[in-house]
Amino acid sequence: MLLKDDCEVILTENVDQGLEALTRQRPDLIVLDLVMPERGGLDLLAELAGNPEAPPVIVLTGTQTLSTAVEAMKQGAADYITKPFEVEALRIKIRQLLEHRRLSREVEELRARVETQERLVDLIGSSEPMQEIYRTIRRVAESKATVLIQGESGTGKELAARAIHQLSKRSGEPFIAVNCAGIQDSLIESELFGHERGAFTDAKQRRIGRFESASGGTLFLDEIGELSLGAQARLLRALQERQIDRVGGSQPIEIDVRVLAATNRDLEHEISEGRFRSDLYYRIHVVPIELPPLRERHGDIGLLARHFLAKARQEADRGPERLSRAALAALERFPWPGNVRELQNAIEHAVTLSDGSVLEPEDLPRHVVEAGRVEQLRDAVREGDLDFDQAVADFERTLLDEALERASWNQTRAARQLGISRRALKLKMDRHGLAASD
Ligand SMILES: Nc1ncnc2c1ncn2[C@@H]1O[C@H](COP(=O)(O)OP(=O)(O)OP(=O)(O)O)[C@@H](O)[C@H]1O
Ligand SMILES: [Mg+2]
């Protein structure tokens, strides 16, 4: 009541609701009571521990429990206030903490703006969205927080996971990647948690699961959206209790593993369809990282292309030394549905084909160059570099050429594709000097 004029106030009644509100609404500050039914306020603090994104917490406590307040401060609370309290005292504390948070964010933003980084571990890119990714990775690497990495295929989710591990205190310990999409559901439990000898018909030997192999290090659960609901339940238990049971084992085993997960599915949608457990989602969504598609960071295309060119050249021990302007322009026009992986493939393809010292558009996969053809012509006309008739003729030639290529230069088929007669096609081919030998 006393804050609702200054802030938007979200009320929750227990720790679990609080955690849910935290991921859903991302509040700037938490006022936390310590004594609550079921789990207490200290439990919530423990959940936030190590999460660099967590908002500051002011703990409310009765005078008799001052020692708990001290304990709360040790666990990361920013401040406390004892009941009964002066309304104004709480207001001041809140104002101070919010101001402090605002300033430290501003400092961080300004610092980041002056230093543009071209890479972080193996991730490459100097665009603003990538700078934001680097900042989050650096901050989160220090903590033990579970990270959910989302993004389209080929955006570098696995590289991001490896970077987090590399930059963490666990970098000397194992990084174990599990592709959840590649494991049969009946085997997933034994794969993750291991089994004892004789646990089931095929269990001839005891087997150590991936959680145990990653002990002290990082476990990367790739394609987590592919796990069955049953496997999700078992995983949730392991994350909550920080212990696992080998299949057929009688003793739970304590584990110290940092978990990273990745998916290219929209998990909120999967939840609404009943295919993903919301409690597991909230558990792994503590720090989300969303890798931007390549088409949203055009500025990185040149940097990445030059990197892949140098790499491919080194591996092949031959190939062009640089990209022509026209080749770069073509790469920058293309929307890259397969993201960085597709760009890398395109460059590798070009390096094998090219025999000059400069990589030209002709060396690139045809669909990449053709995709932006119309835009290119339109721009040239608009800027007065190309006259109208020439642009139209060019466009016509591109259409013919494409159709003929797709029809393996069978003129009847190409004409049918274009919806013109074979005779009309032949006339146009002659006019443009197009022949199969091209
Ligand atoms: N920012 C980047 N800098 C350099 N290389 C990158 C970058 N992003 C992706 N790559 C390269 O692209 C390829 C795909 O990356 P990665 O496997 O990490 O993608 P992913 O997001 O896990 O894709 P998928 O969803 O298909 O598994 C790899 O060869 C990787 O080296
Ligand atoms: Mg991947």
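Given the structure is predicted, the values throughout are model-derived calculations rather than measurements.

Q: Which residues make up the overall build of the protein, and what values do they have?
A: When helices and strands are counted, the protein shows 19 helices and 16 strands. Its C-alpha atoms give the protein a radius of gyration of 29 Å, clearly above 22 Å, the size a compact globule of 438 residues would have. Burial statistics for the protein: of 438 residues in total, 28% are counted as buried.

Q: Provide a residue-level description of the sheet that holds strand β6 (residues 147-150), including the pertinent values.
A: Overall, parallel pairing links the five strands, which are arranged β7-β10-β13-β6-β14 in an open sheet. One side of each edge strand has no neighbouring strand; the edge strands of this open sheet are β7 (175-179) and β14 (287-290). Shown here is a sheet whose adjacent strand axes are inclined to one another by a mean of 20°, direction ignored. Of the pairings in the sheet, the one linking β6 to β14 comprises four bridges and is parallel in character. In the sheet register, Val147 faces β14, and the bridge partner there is Val287.

Q: Describe the sheet that holds strand β3 (residues 79-83), naming the residues involved and giving the relevant values.
A: Spatially, β1-β2-β3 is the arrangement adopted by the three strands of the open sheet, whose pairing is parallel. With one partner strand each, in any of the chains shown, β1 (30-33) and β3 form the two edges of the open sheet. Looking at each pair of strands side by side, their axes are set apart by 25° on average, direction ignored. Sheet topology note: the strand β2 (residues 57-62)/β3 ladder contains five bridges and is parallel. Counted as the bridge partner of Ile58 is Asp79 from β3. Against the sheet, helix α3 (residues 66-74) makes contact with β2 and β3, and its axis sits at roughly 165° relative to β3, the strand it touches most.

Q: I'd like to hear about the site of ligand 1, residue by residue, with values.
A: Surveying the vicinity of ligand 1 reveals 16 residues, the closest of which are Ser153, Gly156, Lys157, Glu158 and Val340. Counting residues per element, the ones that place at least two in the shell around ligand 1 are β5 (123-124), α6 (157-167) and α14 (339-353). Per-class residue counts for the shell around ligand 1 are five nonpolar, eight polar and three charged.

Q: Run through helix α5 (residues 128-141), naming residues and quoting values.
A: In this model α5 runs 20 Å from its N-terminal to its C-terminal C-alpha over 14 residues, within 8% of the 20 Å that 1.5 Å per residue would give. Taken as a whole, α5 has its buried residues at Met130, Ile133, Tyr134, Ile137, Val140 and Ala141. Along the axis of α5, the buried residues cluster in a sector spanning 145°; they form a single face.

Q: Go over the environment of Ser215, please, and point to the residues and values.
A: Within the fold, Ser215 resides in the loop between α8 (210-213) and β10 (218-222). In this structure the C-alpha to C-alpha distance between Ser215 and Asp401, which are 186 residues apart in sequence, comes to 58 Å.

Q: Describe the pairing of β10, and please don't skip the residues or the numbers.
A: For β10, a buried count of five out of five residues is recorded, marking the element as mostly surrounded by other parts of the structure. Both faces of β10 are covered, namely the face carrying Thr218, Phe220 and Asp222 and the face carrying Leu219 and Leu221.

Q: Outline the pairing of strand β13 (residues 258-263), listing residues and values.
A: Across the six residues that make up β13, a large majority, six, are buried. Where burial is concerned, the two faces of β13 agree: the one with Arg258, Leu260 and Ala262 and the one with Val259, Ala261 and Thr263 are both buried. Sheet topology places β6 next to β13; four bridges connect them, and they run parallel. Residue pairing in the sheet places Val147 in a bridge with Leu260 of β13. As paired elements, β10 and β13 share four bridges and run parallel to each other. Opposite Thr218, over in β13, you have Arg258 as the bridge partner.

Q: Break down the domain arrangement of the protein for me, citing the residues and quoting the values.
A: Taken as a whole, the protein is organised into domain 1 (15-113) and domain 2 (124-292). For domain 1 and domain 2, the distance between their C-alpha centroids amounts to 28 Å. Facing eight residues of domain 1, the contacting portion of domain 2 comprises eleven residues. The greatest single-element share of the side of domain 1 that touches domain 2, amounting to three residues, is contributed by helix α1 (residues 15-25). For the side of domain 1 that touches domain 2, a count of residues per class yields three nonpolar, three polar and two charged.

Q: With reference to specific residues and values, describe the nonpolar core.
A: In this structure, Ile137, Val147, Ile149, Ile164 and Phe211 are the most contacted members of the largest nonpolar core, which totals 46 residues. Of the residues forming this core, the biggest block, six residues, is contributed by α5. Aside from chain neighbours lying at most four places away, what touches Ile149 is Lys157, Ala160, Ala161, Leu260, Ala262, Ile289 and Leu291. Core analysis: the second largest hydrophobic core is formed by 21 residues, Leu309, Leu323, Ile347 and Leu359 among them.

Q: Residue-level account of the packing of helix α17 (residues 388-406) against helix α18 (residues 411-418), with values.
A: Interaxial distance between α17 and α18 falls to 8 Å at its minimum, and their mutual angle equals 125°. Taken together, the axes of α17 and α18 lie oblique to each other. For the crossing formed where α17 meets α18, the hand is right-handed. Contacts between α17 and α18 involve Leu399, Ala403, Leu404 and Arg406 from the former and Ala414, Gln417 and Leu418 from the latter. The residue inventory of the contact of α17 with α18, partitioned by class, reads five nonpolar, one polar and one charged.

Thresholds applied
Residues numbered from 1 in each chain as written. Chains lettered and ligands numbered in written order. Predicted model: local features only at pLDDT ≥ 70, side-chain atom pairs only at ≥ 80, totals over all residues. Helix = DSSP H or I, 4+ residues; strand = E, 2+ residues; numbered from the N terminus. Rg over C-alpha atoms; globule rule 2.2 N^0.38 Å. Buried ≥ 20, exposed ≤ 12 C-beta atoms within 10 Å, placed from the backbone. Pairing = 2+ DSSP bridges. Axes fitted to C-alpha atoms, helices over the stretch in contact; angles between N-to-C directions. Contact = placed C-beta atoms within 7 Å. Near = placed C-beta within 6 Å. Nonpolar A, V, L, I, M, F, W, Y, C, P; charged D, E, K, R; others polar. Expected span 1.5 Å × (residues − 1). Arc of directions from axis to C-beta. Domains from an automatic or database assignment. Core = buried A, V, L, I, M, F, W, Y, C linked by C-beta atoms within 7 Å. Parallel < 35°, antiparallel > 145°, perpendicular 65-115°, else oblique. Left-handed = near helix turned anticlockwise from the far one by under 90°.

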